Structure formats: structure tokens, C-alpha cells
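Understanding the architecture of this molecule
These are the residues of each chain, in order.
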Amino acid sequence: MSGLLGGMTRLGWPLSTGSLAELHGPLLISGMFGTLIGLERAIALGRPWAFACPAAAGLGTLALLAGLPLVAGAALYVIAAVVLVAASVVVARSQPTVFHGAMILGAIAWLAGNVFWLSGQSVPEIVGWWLAFPILTVAGERLELSRVLIPTRRAEWVFLLGAGLLLAGAQNALVAADGAVLFGTGLVLLTSWLLPHDIARRNVRQRRETRFFAVCMLCGYGWLGGAGLLLLLSANRSVGLPYDVAIHAVLIGFALSMVFGHALIILPAITRRRIQYHGAVYVPLLLLQTGTLMRVCGGLVGHEVARLWSGPVVLLAIAGLAAVVFDGARKSGRRRAQLWSGQDGLENEPAPSKG
């Protein structure tokens, strides 16, 4: 949330966020996504040492928020990334597959970005590495789930080519024309692979949570492909498209859509508490897509009002998701308590007739 508030300041809102405006990128990527992905990987691995990743990422965020030297927070982010790489390698050794390789590459990209940031490089120079982290992680997870669709060997090579172009673009930097072209081409290739091969295409015809997860995935892929096209256009300096429009299409449109989709999966695994599904969860998802559209379109056409108000809409979407999830957990807990007490909600039903 601190990274989002810093982004609000950069949009132009007069918030007293201090240095958060300059740190909102690292806080959002390493602080939020690093902690969430690290926690998810640690739970899946089931090894106590793997929890050092989310712990170090959380401590790094606290260090930056407390005003400690930047090197302290960056060093903790590096430690978190090292642990995530190690955890990913342990998982891959037991089952060496393309999708586990993609997750390792994502963790390595996060590590590279953190190391370069610790060494003093600027955020625009290294942001490609940080963006590759959630992109490759999610792509690897979706590739794992798509095994039921049995992708061909040729399709896997297309996937690997997209991942390689992504890393090459990160190395050259997104602010450089060649880096933008390589990264953008990688995004377009990965999107063109994910859309036909992801099981979300089937699950969108299902019901309840399954459909919601699929809708979130497909929305995210739309923004991912759009970001790739924007980067390809921004490589032509005469067009004048700011590269940060593409960056926020990835971070807000793609990454947060994935967080929304996984929230109903990750939170029950963490809290050991079931969350009752409610269709109202589509409201914050719609707000998120609206806020992303305002940010992207406002940046492209220079509409400052739309760009300015995109921030509050995204924050409202996150708050709305939290409210729906909290309400679902509360209702689920109440229902469980009724079942344990022998009250299943039928105590007020009339007794059956004897005649």
C-alpha cells in the first residue's frame, strides 16, 4: 500500500508521503509482489527456511519506510531474492520442467534488479528486470496449469523465445530503443502463447470462483499484450509515448489482476480459513480495469484529469477487494460455527406435519 501511495504522489496528489514517491517502484515490486510470491512459494515448498524470503522482503520494506539508508532495504531485498531463487531451484530439482525453469528465471530477474539497484543504478535502467519477475513467475505458473491442454514442443519453444527476449530487453533497459523493442516483442510473444494455451479459456465458461479466476487471468493478458505493443511504439521517439504507460499497464493491469485472481486461493492457504465466494468480487475487478484504462489512456493522450483520478480508482478497487474477502471470511466463519453448534440455519423451519 505504501508503494501505491507513493505512486499517488507522483500522479500529483498532495500527500505527505515523504520519500515514498521515489521508492514506490521498489516498494510495489519487491515489497508487495516479492512478499506475496515468496510467501506463496514458501507455502508450496513447505520448508521453514523458504519463509526467509517473504520475511526479508517485509523487513526491507519496513527499513525503507522507517527512513533507513536505501542500501539497508536494497540489501534485504537481495537476500529475499536469493532465498526465492534457492526455493525455486529446490522445487525444479524434484521435477525439472519448462514451467519451473520459467519461475527460476523470474526469481533470477528479481535478484538481478535488486542487485543492480543496490549497486546504485537508477530505477528506469533496471525496471525491466523487476517487471520480468512477476511476468515470468505468473507465466510459469500458468504453463504448469496448462499441462492438461498438452502444449506441443514447438509451443514451448515459442514460450522460451518470449522469455529470452524479455530478459534481453531488461538487460538493454526499457528506456533504450533496442531494449523497448526486445522487451515489447517478448511481451507480445508471451501473450500470444498464453491466450490460446491457458486453461482460463475453458474455465471462463465455468461458475463462481473458477470463472472469476479465469476472467482475472484474461484481463491481465490483455494488458500484458497491450503493454508490449506500447513499448514497440515507444521505441520510435517521434511517437512520444512515455515508457511508464507500458510499465503501469504491466504493474497495475496485469500484475494486480493476477493478485485479484489469486487472492481467493492464497489467503485461505495462508490463514487456513475458507472464504465464502460472492459475486460482488467482480465490482473491485471492474474498478481495477477502469483505473488502469484511465491511467493508460490519460498518459497516451495527455489527459491529466483521467491520469490523476486513476490512482484513487485503483486504491478503491483494492479496498473493495479487501472488503469482499473480509466479508466472505466472516460469513464462512459464522457458517462453520453454526455447523459445529448443530445450528445449520434450519432451526426456525416448521416441524413436519404428522398428517
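Considerations on the overall build of the protein
The number of helices and strands found in the protein is 13 helices and zero strands. Starting at the N terminus and walking to the C terminus, you meet the elements of the protein as α-α-α-α-α-α-α-α-α-α-α-α-α. Here the protein, with 355 residues, has 50% of them falling under the buried criterion. For the protein, the proportion of contacts with a sequence separation of at least 24, taken over those separated by at least 6, is 71%. Accessible surface, the protein: about 16,400 Å² in total, of which carbon and sulfur atoms supply 66%.

Regarding unusual backbone geometry
Look at Ala173: it is not a glycine, yet its phi comes out positive at around 80°. Among the secondary structure elements, Ala173 is positioned in the loop between α7 (153-172) and α8 (177-197). A relative accessible area of 11% means that Ala173 is categorised as buried. The phi dihedral of Arg208 falls on the positive side, at around 50°, and the residue is not glycine.

Side note on the nonpolar core
Counting residues in hydrophobic clusters, the biggest one holds 89 residues, and the most contacted among them are Leu131, Ile135, Phe183, Leu187 and Phe254. With 14 residues, the top contributor of residues to this core is helix α11 (residues 243-271). Residues Ala42, Leu45, Ala50 and Ala87 belong to the second largest nonpolar core, which totals five residues.

Here we look at the environment of Val123
In this fold, Val123 is placed in helix α6 (residues 123-145). The exposure class of Val123 is partly exposed, given its relative accessible area of 25%. Separated by 98 residues in the primary sequence, Val123 and Gly25 place their C-alpha atoms 7.7 Å from one another.

Comments concerning the pattern of salt bridges
If you walk through the whole model with that rule in mind, you get one salt bridge. One salt bridge in this structure joins Arg208 and Glu209, with 3.8 Å as the shortest N-O distance. Residue Glu209 is classed as partly exposed on the basis of its relative accessible area, which comes to 22%.

Brief notes about the side chain of Glu141
Topologically, Glu141 is positioned in helix α6. Although Glu141 lies buried, it forms no salt bridge, and the closest oppositely charged side chain, Arg41, sits 4.5 Å away as judged by the N-O distance. What Glu141 contacts, discounting residues up to four positions off in sequence, is Glu40, Arg41, Met103 and His262.

A short note on the packing of helix α4 (residues 70-94) against helix α5 (residues 98-118)
Direction vectors running N to C along α4 and α5 enclose 165°, while the axes themselves pass 8 Å from each other. Our classification of the angle between α4 and α5 gives roughly antiparallel. The way α4 lies across α5 gives a crossing that is left-handed.

Re the packing of aromatic side chains
The full count for this structure, using the stated rule, is six aromatic pairs. Considering the side-chain rings of Trp110 and Phe133, the 4.7 Å spacing of their centres and the 5° angle between planes classify their relative orientation as stacked. Here Phe133 lies in helix α6 and Trp110 lies in helix α5, a separation of 23 residues in the sequence. For the pair Trp110 and Phe133, a shared accessibility class is recorded, and that class is buried. Site record: aromatic cluster; members linked through ring pairs are Tyr77, Trp117 and Trp130.

Comments concerning the packing of helix α3 (residues 52-65) against α4
α4 packs onto α3 with a crossing angle of 170° between their chain directions and a minimal axis gap of 8 Å. By the angle between their directions, the pair α3 and α4 is classed as roughly antiparallel. As α3 runs across α4, the sense of the crossing is left-handed. Contact with α3, carried on its side by Ala52, Cys53, Ala56, Ala57, Leu59, Gly60, Thr61, Ala63 and Leu64, involves Leu70, Gly73, Leu76, Tyr77, Ile79, Ala80, Val83 and Leu84 of α4 and no other residues of that element. Partitioning the contact of α3 with α4 into residue classes produces 14 nonpolar, three polar and no charged.

Here is what the cut-offs are and how they apply
Residues numbered from 1 in each chain as written. Predicted model: local features only at pLDDT ≥ 70, side-chain atom pairs only at ≥ 80, totals over all residues. Heavy atoms only, no water. Helix = DSSP H or I, 4+ residues; strand = E, 2+ residues; numbered from the N terminus. Buried < 20%, exposed > 50% of the residue type's maximum accessible area, 1.4 Å probe, protein only. Contact = heavy atoms within 4.5 Å. Areas by Shrake-Rupley, 256 points an atom, 1.4 Å probe, with all protein chains shown as cover. Core = buried A, V, L, I, M, F, W, Y, C linked by side-chain atoms within 4.5 Å. Salt bridge = Lys/Arg side-chain N within 4 Å of Asp/Glu carboxyl O. Lys, Arg positive; Asp, Glu negative; His and termini not counted. Axes fitted to C-alpha atoms, helices over the stretch in contact; angles between N-to-C directions. Parallel < 35°, antiparallel > 145°, perpendicular 65-115°, else oblique. Left-handed = near helix turned anticlockwise from the far one by under 90°. Phe/Tyr/Trp six-rings, centres within 6.5 Å; stacked < 30°, edge-to-face > 60°. Nonpolar A, V, L, I, M, F, W, Y, C, P; charged D, E, K, R; others polar.

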